[in-house]
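Structure at a glance
Next come the chains, spelled out residue by residue.
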Amino acid sequence: MTAPEREQARLPGRPDHEVVVIGAGPSGIVAGIKLKRAGIDDFVILDRAGDLGGTWRDYCYPGIAVDVPVPWYEYSFARNREWSRLFPEGYEINAYHHRVAHEHGLDPHFRFHTEVLRQVWDDSGHFWRLHLADGKTLTCRFLITAVGAFVDVNDPRIPGAADFSGRILRPARWDPDFDYSGKRVAVVGTGACAIQIVPGMARTAAALTVYQRTPSYCWPRPDFPLPKWLAGAMGSKPFGRAMDAGGFAVLDLGIYGLTHLPNPVMAPGMKAVDWATKRAYRAYLALMFPDRPELRSALAPAYGVIGKRPTASNTYLQAFRKSNVELVAEPIERITDTGIVSADGLEREFDVLVLATGQQVFSDPEYYKPGMIVGRDGFDLGEFYAEHGLQAYESAAVPGIPNRWMISGPYSWGHSLHPMAENVAYHAARAIAAARERGATLVEVRREVHDAYHATVLGRGENIHYYFKDLNRGLRTYYINSQGQMAALRRTSNIGLMVRSMRAPLAGYRCETIAVQQGSTPLRQAAR
(Lines give C-alpha, C1' and ligand atoms only; values in the text may rest on other atoms or scores of the structure.)
Protein backbone atom coordinates (compact mmCIF):
# COMPACT_ATOMS: atom_id res chain seq x y z
CA MET A 1 0.00 0.00 0.00
CA THR A 2 1.40 3.41 -0.97
CA ALA A 3 1.68 6.32 1.48
CA PRO A 4 -1.35 8.16 -0.03
CA GLU A 5 -3.36 4.95 0.16
CA ARG A 6 -2.42 4.46 3.82
CA GLU A 7 -3.43 8.03 4.57
CA GLN A 8 -6.74 7.50 2.79
CA ALA A 9 -7.32 4.35 4.80
CA ARG A 10 -7.17 6.36 8.05
CA LEU A 11 -10.03 8.69 7.09
CA PRO A 12 -13.11 8.56 9.33
CA GLY A 13 -14.81 5.19 8.94
CA ARG A 14 -11.73 3.66 7.30
CA PRO A 15 -10.34 0.76 9.37
CA ASP A 16 -6.74 -0.46 9.55
CA HIS A 17 -7.50 -3.44 7.29
CA GLU A 18 -10.34 -4.44 5.05
CA VAL A 19 -10.36 -7.98 6.47
CA VAL A 20 -8.88 -9.61 9.56
CA VAL A 21 -8.74 -13.38 9.88
CA ILE A 22 -8.33 -14.68 13.44
CA GLY A 23 -6.37 -17.92 13.49
CA ALA A 24 -3.48 -19.15 11.33
CA GLY A 25 -4.34 -22.84 11.31
CA PRO A 26 -5.79 -24.80 8.37
CA SER A 27 -8.99 -22.71 8.39
CA GLY A 28 -7.15 -19.39 8.51
CA ILE A 29 -4.86 -20.48 5.68
CA VAL A 30 -7.75 -21.35 3.39
CA ALA A 31 -9.55 -18.12 4.33
CA GLY A 32 -6.51 -16.13 3.20
CA ILE A 33 -6.31 -18.07 -0.05
CA LYS A 34 -10.00 -17.55 -0.81
CA LEU A 35 -9.68 -13.82 -0.09
CA LYS A 36 -6.76 -13.50 -2.50
CA ARG A 37 -8.68 -15.41 -5.16
CA ALA A 38 -11.60 -13.02 -4.69
CA GLY A 39 -9.28 -10.09 -5.43
CA ILE A 40 -8.96 -8.97 -1.80
CA ASP A 41 -5.39 -8.27 -0.72
CA ASP A 42 -5.80 -5.91 2.24
CA PHE A 43 -6.09 -8.54 4.96
CA VAL A 44 -4.07 -9.82 7.89
CA ILE A 45 -4.13 -13.26 9.54
CA LEU A 46 -3.63 -13.04 13.30
CA ASP A 47 -2.48 -15.78 15.62
CA ARG A 48 -1.60 -15.72 19.30
CA ALA A 49 1.27 -18.20 18.77
CA GLY A 50 4.55 -17.60 16.97
CA ASP A 51 3.90 -19.58 13.80
CA LEU A 52 1.12 -20.86 11.56
CA GLY A 53 -0.28 -24.37 11.73
CA GLY A 54 -2.86 -24.34 14.53
CA THR A 55 -3.38 -27.81 15.98
CA TRP A 56 -0.44 -29.25 14.06
CA ARG A 57 1.85 -26.59 15.47
CA ASP A 58 0.73 -27.00 19.08
CA TYR A 59 0.24 -30.76 19.30
CA CYS A 60 3.70 -32.29 18.98
CA TYR A 61 3.55 -35.26 21.35
CA PRO A 62 5.13 -38.54 20.18
CA GLY A 63 2.82 -40.52 17.95
CA ILE A 64 0.55 -37.69 16.84
CA ALA A 65 -0.92 -38.40 13.41
CA VAL A 66 -3.96 -37.54 11.36
CA ASP A 67 -6.89 -39.83 12.19
CA VAL A 68 -8.62 -39.82 8.80
CA PRO A 69 -7.14 -41.04 5.49
CA VAL A 70 -5.02 -38.19 4.17
CA PRO A 71 -6.85 -37.75 0.82
CA TRP A 72 -9.71 -36.40 2.96
CA TYR A 73 -7.37 -34.21 5.00
CA GLU A 74 -6.01 -31.83 2.39
CA TYR A 75 -7.24 -28.90 0.35
CA SER A 76 -8.98 -29.81 -2.91
CA PHE A 77 -6.89 -27.21 -4.75
CA ALA A 78 -3.56 -28.34 -3.24
CA ARG A 79 -3.31 -32.10 -3.53
CA ASN A 80 -0.05 -33.44 -2.20
CA ARG A 81 1.81 -36.07 -4.24
CA GLU A 82 4.39 -36.76 -1.54
CA TRP A 83 2.53 -38.17 1.45
CA SER A 84 4.62 -40.88 3.09
CA ARG A 85 1.70 -42.98 4.36
CA LEU A 86 -2.10 -43.11 4.44
CA PHE A 87 -2.21 -41.60 7.97
CA PRO A 88 0.81 -39.24 8.09
CA GLU A 89 2.35 -38.03 11.33
CA GLY A 90 1.83 -34.53 12.64
CA TYR A 91 5.10 -33.04 11.43
CA GLU A 92 4.20 -34.00 7.85
CA ILE A 93 0.75 -32.40 8.10
CA ASN A 94 2.30 -29.26 9.57
CA ALA A 95 4.86 -29.06 6.76
CA TYR A 96 2.05 -29.42 4.21
CA HIS A 97 0.17 -26.42 5.62
CA HIS A 98 3.35 -24.34 5.67
CA ARG A 99 4.05 -25.18 2.06
CA VAL A 100 0.49 -24.36 0.91
CA ALA A 101 0.56 -21.02 2.73
CA HIS A 102 3.92 -20.11 1.20
CA GLU A 103 3.00 -21.19 -2.32
CA HIS A 104 -0.16 -19.07 -2.22
CA GLY A 105 1.64 -15.93 -1.10
CA LEU A 106 0.30 -15.67 2.44
CA ASP A 107 3.62 -14.99 4.18
CA PRO A 108 3.25 -11.17 4.22
CA HIS A 109 -0.26 -11.45 5.68
CA PHE A 110 0.59 -13.32 8.89
CA ARG A 111 0.91 -11.44 12.19
CA PHE A 112 1.94 -13.66 15.07
CA HIS A 113 2.03 -13.20 18.86
CA THR A 114 -1.23 -11.29 18.51
CA GLU A 115 -4.13 -12.47 20.66
CA VAL A 116 -7.63 -11.03 20.25
CA LEU A 117 -9.49 -10.76 23.55
CA ARG A 118 -12.62 -8.86 22.46
CA GLN A 119 -14.41 -8.15 19.18
CA VAL A 120 -16.59 -5.02 19.30
CA TRP A 121 -18.61 -3.68 16.38
CA ASP A 122 -18.49 0.09 15.73
CA ASP A 123 -21.83 0.90 14.15
CA SER A 124 -21.00 4.55 13.53
CA GLY A 125 -18.19 3.59 11.16
CA HIS A 126 -19.18 0.06 10.13
CA PHE A 127 -16.04 -1.71 11.30
CA TRP A 128 -14.80 -4.11 13.95
CA ARG A 129 -12.59 -2.95 16.79
CA LEU A 130 -10.39 -5.80 18.01
CA HIS A 131 -8.98 -5.46 21.52
CA LEU A 132 -5.65 -7.25 21.74
CA ALA A 133 -3.89 -8.84 24.70
CA ASP A 134 -1.09 -6.25 24.57
CA GLY A 135 -3.56 -3.44 25.18
CA LYS A 136 -3.63 -2.22 21.59
CA THR A 137 -6.57 -2.22 19.20
CA LEU A 138 -6.86 -3.18 15.56
CA THR A 139 -9.77 -2.30 13.28
CA CYS A 140 -11.15 -4.01 10.20
CA ARG A 141 -14.19 -3.72 7.97
CA PHE A 142 -14.80 -7.47 7.78
CA LEU A 143 -13.90 -10.25 10.19
CA ILE A 144 -13.44 -14.01 9.66
CA THR A 145 -12.85 -16.13 12.75
CA ALA A 146 -10.85 -19.26 11.95
CA VAL A 147 -9.88 -20.34 15.45
CA GLY A 148 -10.79 -23.99 14.89
CA ALA A 149 -13.01 -26.42 16.71
CA PHE A 150 -10.71 -26.98 19.73
CA VAL A 151 -9.32 -23.76 21.18
CA ASP A 152 -8.12 -24.19 24.78
CA VAL A 153 -7.46 -27.19 26.98
CA ASN A 154 -9.97 -28.14 29.65
CA ASP A 155 -8.67 -27.89 33.17
CA PRO A 156 -9.51 -31.20 34.84
CA ARG A 157 -12.14 -30.92 37.54
CA ILE A 158 -10.18 -33.15 39.88
CA PRO A 159 -9.47 -32.06 43.46
CA GLY A 160 -5.78 -31.39 44.06
CA ALA A 161 -4.86 -31.03 40.37
CA ALA A 162 -2.72 -27.99 41.22
CA ASP A 163 -0.91 -29.76 44.05
CA PHE A 164 1.13 -32.25 42.05
CA SER A 165 4.84 -31.60 42.54
CA GLY A 166 6.09 -33.60 39.57
CA ARG A 167 6.00 -32.74 35.87
CA ILE A 168 2.62 -32.12 34.19
CA LEU A 169 2.27 -32.50 30.42
CA ARG A 170 -0.72 -31.67 28.22
CA PRO A 171 -1.24 -32.75 24.61
CA ALA A 172 -1.60 -29.14 23.41
CA ARG A 173 1.37 -27.86 25.43
CA TRP A 174 3.79 -30.69 24.99
CA ASP A 175 7.47 -30.21 25.77
CA PRO A 176 9.27 -32.19 23.04
CA ASP A 177 12.58 -31.85 24.91
CA PHE A 178 11.33 -33.47 28.12
CA ASP A 179 12.70 -36.98 28.64
CA TYR A 180 10.16 -39.23 30.38
CA SER A 181 12.11 -42.45 29.86
CA GLY A 182 12.57 -44.44 33.05
CA LYS A 183 9.91 -42.44 34.89
CA ARG A 184 6.59 -43.40 36.47
CA VAL A 185 3.91 -41.86 34.24
CA ALA A 186 0.13 -41.50 34.60
CA VAL A 187 -2.07 -40.66 31.61
CA VAL A 188 -5.46 -39.25 32.64
CA GLY A 189 -8.00 -39.79 29.87
CA THR A 190 -8.59 -42.26 27.04
CA GLY A 191 -9.76 -40.01 24.23
CA ALA A 192 -8.20 -39.44 20.82
CA CYS A 193 -5.01 -37.78 22.15
CA ALA A 194 -4.40 -40.36 24.85
CA ILE A 195 -4.80 -43.21 22.38
CA GLN A 196 -1.92 -41.75 20.37
CA ILE A 197 0.21 -40.83 23.41
CA VAL A 198 0.03 -44.09 25.36
CA PRO A 199 1.89 -46.42 22.93
CA GLY A 200 4.97 -44.20 22.67
CA MET A 201 5.22 -43.61 26.41
CA ALA A 202 4.74 -47.31 27.09
CA ARG A 203 7.94 -48.07 25.23
CA THR A 204 10.24 -46.00 27.44
CA ALA A 205 8.48 -45.24 30.73
CA ALA A 206 9.42 -47.36 33.73
CA ALA A 207 5.72 -47.71 34.56
CA LEU A 208 2.67 -46.31 32.76
CA THR A 209 -0.76 -46.13 34.36
CA VAL A 210 -3.77 -45.12 32.25
CA TYR A 211 -6.77 -43.70 34.11
CA GLN A 212 -9.98 -44.30 32.18
CA ARG A 213 -13.35 -42.71 32.87
CA THR A 214 -15.14 -43.99 29.76
CA PRO A 215 -13.62 -46.51 27.34
CA SER A 216 -13.30 -45.60 23.66
CA TYR A 217 -13.83 -47.70 20.60
CA CYS A 218 -10.36 -48.19 19.13
CA TRP A 219 -10.45 -50.14 15.88
CA PRO A 220 -7.50 -51.31 13.80
CA ARG A 221 -6.24 -48.58 11.49
CA PRO A 222 -5.58 -49.48 7.84
CA ASP A 223 -2.34 -47.53 7.79
CA PHE A 224 0.57 -48.32 5.50
CA PRO A 225 3.47 -46.56 3.75
CA LEU A 226 2.53 -45.15 0.36
CA PRO A 227 4.71 -46.13 -2.61
CA LYS A 228 5.71 -43.09 -4.65
CA TRP A 229 3.53 -44.13 -7.58
CA LEU A 230 0.48 -44.45 -5.32
CA ALA A 231 1.16 -41.16 -3.49
CA GLY A 232 1.51 -39.49 -6.89
CA ALA A 233 -1.75 -40.95 -8.12
CA MET A 234 -3.56 -39.94 -4.91
CA GLY A 235 -2.29 -36.39 -5.40
CA SER A 236 -3.87 -36.11 -8.84
CA LYS A 237 -7.06 -34.13 -9.31
CA PRO A 238 -9.07 -37.06 -10.74
CA PHE A 239 -8.20 -39.29 -7.78
CA GLY A 240 -8.85 -36.48 -5.31
CA ARG A 241 -12.23 -35.69 -6.81
CA ALA A 242 -13.15 -39.37 -6.83
CA MET A 243 -12.17 -39.72 -3.15
CA ASP A 244 -14.15 -36.61 -2.25
CA ALA A 245 -17.19 -37.84 -4.14
CA GLY A 246 -17.00 -41.24 -2.49
CA GLY A 247 -16.50 -39.79 0.98
CA PHE A 248 -19.30 -37.27 0.52
CA ALA A 249 -21.65 -39.98 -0.75
CA VAL A 250 -21.07 -42.28 2.23
CA LEU A 251 -21.26 -39.54 4.84
CA ASP A 252 -24.22 -37.84 3.21
CA LEU A 253 -26.18 -41.10 3.29
CA GLY A 254 -25.62 -41.25 7.03
CA ILE A 255 -26.43 -37.58 7.51
CA TYR A 256 -29.56 -37.93 5.38
CA GLY A 257 -30.79 -40.83 7.47
CA LEU A 258 -30.14 -39.05 10.75
CA THR A 259 -31.65 -35.74 9.67
CA HIS A 260 -34.43 -36.59 7.22
CA LEU A 261 -35.89 -40.03 7.91
CA PRO A 262 -38.61 -40.29 10.60
CA ASN A 263 -37.61 -41.75 13.94
CA PRO A 264 -39.82 -44.86 13.67
CA VAL A 265 -37.83 -45.77 10.56
CA MET A 266 -34.38 -44.96 11.94
CA ALA A 267 -34.70 -46.13 15.55
CA PRO A 268 -34.67 -49.91 14.85
CA GLY A 269 -31.67 -49.50 12.55
CA MET A 270 -29.74 -47.45 15.10
CA LYS A 271 -30.45 -50.04 17.79
CA ALA A 272 -29.33 -52.85 15.52
CA VAL A 273 -26.10 -51.09 14.52
CA ASP A 274 -25.22 -50.33 18.16
CA TRP A 275 -26.01 -53.93 19.19
CA ALA A 276 -23.83 -55.36 16.42
CA THR A 277 -21.00 -52.89 17.04
CA LYS A 278 -20.78 -53.67 20.75
CA ARG A 279 -20.58 -57.39 20.10
CA ALA A 280 -18.10 -57.02 17.27
CA TYR A 281 -15.85 -54.91 19.47
CA ARG A 282 -16.04 -57.38 22.33
CA ALA A 283 -15.07 -60.13 19.91
CA TYR A 284 -12.11 -58.01 18.80
CA LEU A 285 -11.05 -57.51 22.44
CA ALA A 286 -11.31 -61.27 22.99
CA LEU A 287 -8.81 -61.78 20.18
CA MET A 288 -6.50 -59.14 21.66
CA PHE A 289 -6.65 -60.34 25.27
CA PRO A 290 -7.84 -63.96 25.31
CA ASP A 291 -6.62 -64.62 28.87
CA ARG A 292 -7.56 -61.27 30.51
CA PRO A 293 -11.36 -61.09 30.92
CA GLU A 294 -11.24 -58.25 33.45
CA LEU A 295 -9.23 -56.06 31.08
CA ARG A 296 -11.59 -56.89 28.21
CA SER A 297 -14.56 -55.90 30.33
CA ALA A 298 -12.97 -52.60 31.34
CA LEU A 299 -12.07 -51.68 27.74
CA ALA A 300 -15.50 -52.51 26.28
CA PRO A 301 -17.75 -49.45 25.75
CA ALA A 302 -21.34 -49.74 26.91
CA TYR A 303 -22.52 -47.05 24.48
CA GLY A 304 -23.12 -47.06 20.72
CA VAL A 305 -20.68 -46.63 17.88
CA ILE A 306 -20.99 -42.85 17.44
CA GLY A 307 -21.64 -41.94 21.08
CA LYS A 308 -18.09 -40.63 21.38
CA ARG A 309 -15.45 -39.85 18.80
CA PRO A 310 -14.38 -43.17 17.24
CA THR A 311 -10.64 -43.81 17.16
CA ALA A 312 -8.29 -46.15 15.37
CA SER A 313 -4.84 -47.39 16.31
CA ASN A 314 -2.64 -50.42 15.73
CA THR A 315 -0.66 -49.85 18.93
CA TYR A 316 -2.98 -48.54 21.69
CA LEU A 317 -4.65 -51.76 22.81
CA GLN A 318 -1.41 -53.63 22.21
CA ALA A 319 0.28 -51.40 24.81
CA PHE A 320 -1.78 -53.07 27.56
CA ARG A 321 0.00 -56.34 26.83
CA LYS A 322 3.20 -54.83 28.23
CA SER A 323 4.12 -55.64 31.81
CA ASN A 324 4.80 -51.97 32.63
CA VAL A 325 1.33 -50.74 31.56
CA GLU A 326 -1.72 -50.76 33.84
CA LEU A 327 -5.32 -49.66 33.21
CA VAL A 328 -7.25 -48.12 36.10
CA ALA A 329 -11.01 -47.90 35.48
CA GLU A 330 -11.79 -46.70 39.01
CA PRO A 331 -12.73 -42.98 39.15
CA ILE A 332 -10.08 -40.56 40.37
CA GLU A 333 -10.83 -39.25 43.86
CA ARG A 334 -8.04 -36.68 44.07
CA ILE A 335 -4.54 -35.78 42.98
CA THR A 336 -1.87 -35.40 45.65
CA ASP A 337 1.57 -33.82 45.52
CA THR A 338 3.08 -37.20 44.68
CA GLY A 339 0.41 -39.08 42.75
CA ILE A 340 -3.26 -40.04 42.32
CA VAL A 341 -5.79 -41.56 44.71
CA SER A 342 -8.52 -43.58 43.01
CA ALA A 343 -12.03 -44.16 44.36
CA ASP A 344 -11.03 -47.52 45.82
CA GLY A 345 -8.63 -45.68 48.14
CA LEU A 346 -5.46 -46.88 46.43
CA GLU A 347 -2.77 -44.22 45.93
CA ARG A 348 -0.20 -44.61 43.18
CA GLU A 349 2.88 -42.40 43.02
CA PHE A 350 4.13 -40.82 39.78
CA ASP A 351 6.87 -38.62 38.44
CA VAL A 352 4.83 -37.35 35.45
CA LEU A 353 1.14 -36.65 34.87
CA VAL A 354 -0.23 -36.40 31.33
CA LEU A 355 -3.59 -34.61 31.49
CA ALA A 356 -5.35 -35.68 28.29
CA THR A 357 -8.68 -34.37 29.57
CA GLY A 358 -9.99 -32.69 26.42
CA GLN A 359 -10.42 -29.20 25.07
CA GLN A 360 -13.01 -26.46 24.97
CA VAL A 361 -15.19 -27.12 21.92
CA PHE A 362 -16.78 -24.59 19.57
CA SER A 363 -20.21 -26.14 20.22
CA ASP A 364 -20.07 -25.28 23.95
CA PRO A 365 -21.94 -22.07 24.86
CA GLU A 366 -19.32 -21.45 27.55
CA TYR A 367 -16.73 -20.82 24.83
CA TYR A 368 -18.57 -17.62 23.83
CA LYS A 369 -17.98 -15.60 26.96
CA PRO A 370 -20.16 -12.53 27.63
CA GLY A 371 -18.43 -9.38 26.43
CA MET A 372 -16.12 -11.26 24.03
CA ILE A 373 -18.17 -10.59 20.87
CA VAL A 374 -20.41 -7.51 20.84
CA GLY A 375 -22.36 -6.49 17.75
CA ARG A 376 -24.95 -3.87 16.83
CA ASP A 377 -26.70 -1.96 19.63
CA GLY A 378 -24.73 -3.86 22.27
CA PHE A 379 -25.90 -7.28 21.06
CA ASP A 380 -23.75 -9.73 23.03
CA LEU A 381 -23.25 -13.07 21.27
CA GLY A 382 -22.20 -14.85 24.47
CA GLU A 383 -25.32 -13.75 26.32
CA PHE A 384 -27.51 -14.62 23.35
CA TYR A 385 -26.06 -18.13 23.05
CA ALA A 386 -26.36 -18.71 26.79
CA GLU A 387 -30.06 -17.82 26.69
CA HIS A 388 -31.17 -19.10 23.28
CA GLY A 389 -28.66 -21.79 22.34
CA LEU A 390 -26.06 -21.90 19.59
CA GLN A 391 -27.18 -20.97 16.10
CA ALA A 392 -25.84 -19.36 12.93
CA TYR A 393 -26.90 -19.04 9.32
CA GLU A 394 -24.92 -21.58 7.28
CA SER A 395 -23.03 -22.15 10.57
CA ALA A 396 -21.23 -18.88 9.89
CA ALA A 397 -23.25 -15.66 10.37
CA VAL A 398 -25.58 -14.30 13.05
CA PRO A 399 -28.07 -11.38 12.87
CA GLY A 400 -26.86 -8.44 14.94
CA ILE A 401 -23.25 -9.43 14.25
CA PRO A 402 -22.57 -7.88 10.81
CA ASN A 403 -19.48 -8.32 8.63
CA ARG A 404 -18.41 -11.42 10.55
CA TRP A 405 -18.22 -15.10 9.61
CA MET A 406 -17.20 -18.18 11.62
CA ILE A 407 -15.52 -21.07 9.84
CA SER A 408 -16.06 -23.51 12.72
CA GLY A 409 -19.44 -22.28 13.85
CA PRO A 410 -22.50 -23.99 15.35
CA TYR A 411 -23.66 -27.08 13.47
CA SER A 412 -20.69 -27.07 11.08
CA TRP A 413 -19.20 -30.58 11.33
CA GLY A 414 -20.08 -33.06 8.62
CA HIS A 415 -16.85 -34.08 6.92
CA SER A 416 -13.18 -33.56 7.67
CA LEU A 417 -11.90 -30.06 8.34
CA HIS A 418 -10.54 -29.03 4.95
CA PRO A 419 -13.66 -29.46 2.78
CA MET A 420 -15.81 -27.71 5.38
CA ALA A 421 -13.36 -24.82 5.81
CA GLU A 422 -13.00 -24.38 2.06
CA ASN A 423 -16.73 -23.96 1.55
CA VAL A 424 -17.33 -21.59 4.46
CA ALA A 425 -14.28 -19.47 3.55
CA TYR A 426 -15.50 -19.35 -0.06
CA HIS A 427 -18.93 -18.23 1.16
CA ALA A 428 -17.41 -15.42 3.27
CA ALA A 429 -14.91 -14.25 0.64
CA ARG A 430 -17.57 -14.04 -2.06
CA ALA A 431 -19.89 -12.08 0.23
CA ILE A 432 -17.10 -9.61 1.04
CA ALA A 433 -16.14 -9.25 -2.64
CA ALA A 434 -19.78 -8.66 -3.63
CA ALA A 435 -20.17 -6.03 -0.92
CA ARG A 436 -17.08 -4.23 -2.23
CA GLU A 437 -18.47 -4.25 -5.76
CA ARG A 438 -21.68 -2.54 -4.70
CA GLY A 439 -19.90 -0.21 -2.27
CA ALA A 440 -21.53 -1.67 0.83
CA THR A 441 -19.81 -1.25 4.18
CA LEU A 442 -22.17 -3.50 6.15
CA VAL A 443 -23.31 -7.04 5.35
CA GLU A 444 -25.69 -8.71 7.80
CA VAL A 445 -27.71 -11.90 7.47
CA ARG A 446 -31.42 -11.15 7.46
CA ARG A 447 -33.20 -12.17 10.64
CA GLU A 448 -35.97 -14.04 8.85
CA VAL A 449 -33.46 -15.96 6.70
CA HIS A 450 -31.39 -16.93 9.73
CA ASP A 451 -34.40 -17.97 11.79
CA ALA A 452 -35.82 -20.10 8.98
CA TYR A 453 -32.44 -21.80 8.53
CA HIS A 454 -32.10 -22.50 12.25
CA ALA A 455 -35.66 -23.82 12.45
CA THR A 456 -34.74 -26.29 9.72
CA VAL A 457 -31.63 -27.29 11.67
CA LEU A 458 -33.61 -27.94 14.85
CA GLY A 459 -36.34 -29.73 12.93
CA ARG A 460 -33.80 -32.28 11.69
CA GLY A 461 -32.55 -33.24 15.13
CA GLU A 462 -35.12 -35.85 16.23
CA ASN A 463 -32.98 -38.90 15.48
CA ILE A 464 -29.82 -37.29 16.87
CA HIS A 465 -31.51 -36.47 20.16
CA TYR A 466 -33.03 -39.93 20.31
CA TYR A 467 -29.62 -41.52 19.83
CA PHE A 468 -27.86 -39.54 22.55
CA LYS A 469 -30.68 -38.91 25.03
CA ASP A 470 -32.61 -42.17 24.79
CA LEU A 471 -30.57 -44.90 23.17
CA ASN A 472 -27.36 -43.85 24.97
CA ARG A 473 -28.85 -42.13 27.99
CA GLY A 474 -26.35 -40.81 30.55
CA LEU A 475 -23.33 -40.92 28.24
CA ARG A 476 -20.84 -38.11 28.88
CA THR A 477 -19.57 -36.88 25.52
CA TYR A 478 -18.42 -33.53 24.17
CA TYR A 479 -20.86 -34.02 21.30
CA ILE A 480 -23.59 -32.91 23.73
CA ASN A 481 -23.06 -29.45 25.23
CA SER A 482 -24.15 -28.10 28.60
CA GLN A 483 -27.53 -27.09 27.14
CA GLY A 484 -28.23 -30.66 26.09
CA GLN A 485 -27.84 -29.81 22.41
CA MET A 486 -25.80 -31.63 19.78
CA ALA A 487 -24.67 -28.31 18.27
CA ALA A 488 -21.71 -29.69 16.34
CA LEU A 489 -23.12 -31.87 13.55
CA ARG A 490 -24.22 -30.18 10.32
CA ARG A 491 -27.81 -31.04 9.50
CA THR A 492 -27.30 -30.60 5.76
CA SER A 493 -25.34 -32.75 3.34
CA ASN A 494 -21.79 -31.99 2.28
CA ILE A 495 -22.90 -31.75 -1.32
CA GLY A 496 -25.64 -29.37 -0.21
CA LEU A 497 -23.03 -27.26 1.57
CA MET A 498 -20.96 -27.04 -1.62
CA VAL A 499 -23.98 -26.04 -3.69
CA ARG A 500 -25.13 -23.44 -1.19
CA SER A 501 -21.66 -21.89 -1.01
CA MET A 502 -21.84 -21.22 -4.76
CA ARG A 503 -25.17 -19.38 -4.66
CA ALA A 504 -25.48 -15.64 -5.18
CA PRO A 505 -22.96 -14.36 -2.61
CA LEU A 506 -25.33 -11.94 -0.88
CA ALA A 507 -28.40 -14.17 -0.93
CA GLY A 508 -29.83 -13.99 2.56
CA TYR A 509 -27.95 -10.80 3.50
CA ARG A 510 -28.87 -7.14 3.77
CA CYS A 511 -26.39 -4.35 3.01
CA GLU A 512 -25.83 -0.78 4.07
CA THR A 513 -23.32 1.83 2.97
CA ILE A 514 -21.69 4.65 4.91
CA ALA A 515 -20.53 7.60 2.85
CA VAL A 516 -17.13 8.68 4.17
CA GLN A 517 -15.84 12.19 3.63
CA GLN A 518 -12.69 13.69 5.12
CA GLY A 519 -13.43 15.89 8.09
CA SER A 520 -17.06 14.92 8.24
CA THR A 521 -19.15 12.45 10.19
CA PRO A 522 -19.85 9.19 8.35
CA LEU A 523 -23.38 9.15 6.94
CA ARG A 524 -25.32 5.93 6.63
CA GLN A 525 -27.01 5.46 3.29
CA ALA A 526 -30.22 3.57 2.77
CA ALA A 527 -30.09 -0.16 3.24
CA ARG A 528 -29.86 -2.22 0.07
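Here's what I pulled together on the structure shown here.

Moving on, we get to the environment of V185. Counting through the fold element by element, V185 comes out in strand β9 (residues 184–188). Counting along the chain gives 24 residues from V185 to T209, while the straight-line C-alpha distance between them is 6.3 Å. Look past the residues within four positions of V185 in its chain and what remains in contact with it is Y180, M201, A205, A207, L208, T209, F350, V352 and V354.

Before going further, it helps to examine the state of the cysteines. Inspection of the entire model under this criterion finds zero disulfides. Not engaged in a disulfide, the cysteine C140 finds its nearest cysteine sulfur in C511; these two sulfurs lie 17 Å apart. Since its relative accessible area comes to 1%, C511 is described here as buried.

Looking now at the pattern of salt bridges. Inspection of every chain in the model, using the stated rule, returns 25 salt bridges. With its nearest N and O atoms 2.9 Å apart, the salt bridge here joins D351 to R184. Here D351 is found in the loop between β16 (347–349) and β17 (352–355), whereas its partner R184 is found in strand β9, with 167 residues between them in sequence. The class for D351 is partly exposed, based on a relative accessible area of 28%.

Moving on: unusual backbone geometry. The phi angle at H113 is positive, at roughly 55°, despite the residue not being glycine. Here H113 lies in the loop between β3 (110–111) and β4 (116–122). With phi around 60°, Y411 is a residue other than glycine that occupies positive phi space. For Y411, the location among the structural elements is in the loop between β20 (404–406) and α12 (417–437).

In summary, soluble globular proteins display a tendency toward joint burial of nonpolar side chains. L130 and W405 are the most contacted members of the largest nonpolar core, which has 144 residues in total. When residues in this core are grouped by element, the largest group, 11 residues, is from α12. For W405, the contacting residues outside a window of four places in its chain are F142, L143, I144, T145, A396, A397, H427, A428, A431, I432, V443 and Y509. The next biggest cluster of nonpolar side chains, apart from the first, holds 12 residues, and it includes A161, A186, I335 and I340.

Running from N to C, helix α2 (residues 26–37) and α12 point in directions that differ by 40°, and their axes come no closer than 8 Å. Of the possible angle classes, the one that applies to α2 and α12 is oblique. For the crossing formed where α2 meets α12, the hand is right-handed. Across the interface between the two elements, P26, S27, V30, A31, K34 and L35 of α2 pack against L417, H418, A421, E422, A425, Y426, A429 and I432 of α12. Of the residues in the contact of α2 with α12, the class split is 10 nonpolar, two polar and two charged.

About the criteria used
Residues numbered from 1 in each chain as written. Predicted model: local features only at pLDDT ≥ 70, side-chain atom pairs only at ≥ 80, totals over all residues. Heavy atoms only, no water. Helix = DSSP H or I, 4+ residues; strand = E, 2+ residues; numbered from the N terminus. Contact = heavy atoms within 4.5 Å. Disulfide = S-S within 2.5 Å. Buried < 20%, exposed > 50% of the residue type's maximum accessible area, 1.4 Å probe, protein only. Salt bridge = Lys/Arg side-chain N within 4 Å of Asp/Glu carboxyl O. Core = buried A, V, L, I, M, F, W, Y, C linked by side-chain atoms within 4.5 Å. Axes fitted to C-alpha atoms, helices over the stretch in contact; angles between N-to-C directions. Parallel < 35°, antiparallel > 145°, perpendicular 65-115°, else oblique. Left-handed = near helix turned anticlockwise from the far one by under 90°. Nonpolar A, V, L, I, M, F, W, Y, C, P; charged D, E, K, R; others polar.

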